[in-house]
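Structural features, examined
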Amino acid sequence: MQSMWDWFGEHAWVLAWVGTALVLGTIELTTLDFFFLMLAIGAASGAVAAGLGAEFLVQVLVAVAVAVALLGVVRPIAKKRLLKPTPSSFGVAALVGQSGVVIERVDAHNGLIKLAGEVWSARSYDGRSAFEAGATVGVVEIRGATALVLDES
């Protein structure tokens, strides 16, 4: 029976590639940028090539080819799908910048608009403008339960 040290000696490149893949994978855990993950997968493919008995140059070429392909194709897709930015605003803050339709005349003191499927009290933002029913207005600010609006032109 073959000793464990003999096996390690015969499979040194497999172990080196696996070790490299583990180190790169660990680095990826700290960066979360998918760069080192692609390199780790490339190193793992080098380990597979070594395990199949390929020469060192072939192992390197396989590792580099896989890593470059993953960096060029998979990484951009993965970053786009998995690292989507979280919405910066929610609740009433998300209504700022949206359009509403005037239901009841809006002026400096009162009015009603339909905004995001709900009826909101509204006032003109500049304190001078007035909007008649049916006009489309843009929400500039929300104060309490009142939308401050301007002409959406």
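Our structure is the block above this text.
Below is a summary of the structure that appears in this document.

What counts, and where the lines are drawn
- Each chain carries its own residue numbering, running from 1 in the written order of its sequence.
- Two thresholds apply to this predicted model, a pLDDT of at least 70 for residue-level local features and 80 or more for giving and counting side-chain atom pairs, whereas whole-chain, interface and lining totals are computed over all residues.
- Note: side-chain values were computed over all heavy atoms of the structure, leaving out hydrogens and water.
- Two strands qualify as a pair provided that DSSP identifies no fewer than 2 bridges between them.
- Counting from the N terminus, the helices are the DSSP runs of H or I reaching at least four residues and the strands are the DSSP runs of E reaching at least two.
- An axis is simply a line fitted to the C-alpha atoms; with a helix, the fit covers only the stretch in contact. Between two such axes, the angle follows the N-to-C directions and lies from 0 to 180 degrees.
- Note on aromatic pairs: the rings of Phe, Tyr and Trp (six-membered ring only in Trp) are paired at centre separations within 6.5 Å, and the planes decide the class, stacked below 30 degrees, edge-to-face beyond 60, tilted for the rest.
- Per-residue accessibility, obtained with a 1.4 Å probe over protein chains only, is compared with the maximum for each type, and a residue is labelled buried under 20%, exposed over 50%, and partly exposed between these values.

For the rest of this paragraph, the subject is the pairing of strand S1 (residues 99-104). On a regular strand, one side chain projects to one face of the sheet and the next to the other, so that they alternate. With three bridges connecting them, S1 and strand S4 (residues 136-143) associate as antiparallel partners. Residue pairing for S4: valine 101 is matched across the bridge by threonine 136. Bridge count between S1 and strand S2 (residues 112-115): three bridges; the pairing is antiparallel. Note on S2: the bridge partner recorded for valine 102 is isoleucine 113.

If you trace the five strands once around the closed barrel, you get S1-S2-S3-S5-S4, paired in mixed fashion. Averaged over neighbouring strand pairs, the angle between their axes works out to 55° when direction is ignored.

The next subject is the packing of aromatic side chains. Enumeration according to the criterion identifies two aromatic pairs in this entry. Taking the centre distance of 4.3 Å and the plane angle of 35° together, the rings of tryptophan 13 and phenylalanine 56 count as tilted. Pair noted here: tryptophan 13 is in helix H2 (residues 12-31) and phenylalanine 56 is in helix H4 (residues 56-82), with a separation of 43 residues, a long-range link. What makes phenylalanine 56 partly exposed here is its relative accessible area of 38%. Pairing phenylalanine 35 with phenylalanine 36 gives two aromatic rings, centres 5.3 Å apart and planes at 90°, and the pair type is edge-to-face. For phenylalanine 35, a relative accessible area of 33% puts it in the partly exposed group. When its relative accessible area of 25% is taken as the criterion, phenylalanine 36 is described as partly exposed.

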